[in-house]
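Chain by chain, the residues run as shown.
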Amino acid sequence: IGGKLLRVLCAEDDEPLALMIKFALETGGHQVERARDGLHALEQMLDDLDRFDVLVTDHQMPRLSGRELVERVRRTAFSGKIIVHSSQLTETDAAAYRALAVDHIFTKPVALGDFLDVVQRIASVSP
């Protein structure tokens with residue numbers, strides 16, 4: 001089976017949702033680490049900017065929002081993909097994410113199969 005193993009950081013404070021995302025991605029053969037909030041995610045990324053291929057972030061999180069996380073990550077040399085996964089975004093927030101050149105914005109809920117497909121397509125992984 002072709003395809004590349006992705007190393008994914010999932011920044012999500014909702015435990016059941018984080019576990020579902022982790023399960024979907026791991027079922028697709030990828031490695032997933034979880035951060036419980038935006039600040040934790042930023043710290044994990046700053047430890048090694050090449051450690052992750054994809055950042056999946058919620059928008060509303062404690063300590064550092066998804067938007068603040070993406071703004072800070074964009075100031076680094078992180079070359080991976082960024083996916084926002086949020087239940088609701090104002091047009092202002094959505095525009096800010098687009099301005100930060102995120103690779104995809106999901107609106108919750110999303111079917112896990114669709115989620116996996118988009119992550120793999122964005123990261124140019126063959127199924």
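I will try to describe carefully the structure that is included in this document. It should be emphasised that the depicted structure is a prediction, and the values quoted were computed from it without experimental measurement.

**Examining helix α5 (residues 112–122)**
Here's step 1: F115, L116, V118, V119, Q120 and I122 are the residues of α5 that are buried.
Here's step 2: Tucked into the core, α5 has its buried residues touching α1 (15–27), β3 (54–57), β4 (81–86) and β5 (104–107).

**Here's the deal with the pairing of β4**
Here's step 1: Burial analysis of β4 places five of its six residues in the buried class, the great majority of the element.
Here's step 2: As defined by bridge partners, β3 adjoins β4 across four bridges and the pair is classed as parallel. Bridge pairing in β4 places V54 opposite K81.
Here's step 3: In this view, the connection linking β3 to its parallel neighbour β4 by way of helix α3 (residues 66–74) has right-handed handedness.
Here's step 4: The sheet contact formed by β4 and β5 spans four bridges and is parallel.

**Remarks on helix α4 (residues 91–99)**
Here's step 1: Within α4, burial applies to D93, A94, A96 and Y97. When α4 is viewed along its axis, its buried side chains cluster within an angular range of 160 degrees and face the same direction. Exposed residues on α4 whose side chains face more than 90 degrees from its buried face are E91, T92 and A99.
Here's step 2: A101 sits one or two residues past α4 and shows a positive phi near 60 degrees.

**Focus on the sheet that holds strand β1 (residues 7–11)**
Here's step 1: Taken together, the five strands give an open sheet; going across it, the order is β2-β1-β3-β4-β5, and neighbouring strands pair in parallel fashion. Two strands close off the open sheet at either side, each with one partner strand: β2 (31–35) and β5. Neighbour-to-neighbour, the strand axes of this sheet turn through a mean angle of 20 degrees, independent of strand direction.
Here's step 2: In this sheet, β2 lies alongside β1 in parallel orientation, the contact comprising five bridges. Each bridged residue has a counterpart across the sheet, and for L9 the counterpart in β2 is E33.
Here's step 3: Across the sheet, α3 touches β1, β3 and β4, and the angle it forms with β3 is around 155 degrees.

Conventions we followed
Residues numbered from 1 in each chain as written. Predicted model: local features only at pLDDT ≥ 70, side-chain atom pairs only at ≥ 80, totals over all residues. Heavy atoms only, no water. Buried < 20%, exposed > 50% of the residue type's maximum accessible area, 1.4 Å probe, protein only. Helix = DSSP H or I, 4+ residues; strand = E, 2+ residues; numbered from the N terminus. Contact = heavy atoms within 4.5 Å. Pairing = 2+ DSSP bridges. Right-handed = clockwise from strand over helix to strand, strands pointing away. Arc of directions from axis to C-beta. Axes fitted to C-alpha atoms, helices over the stretch in contact; angles between N-to-C directions.

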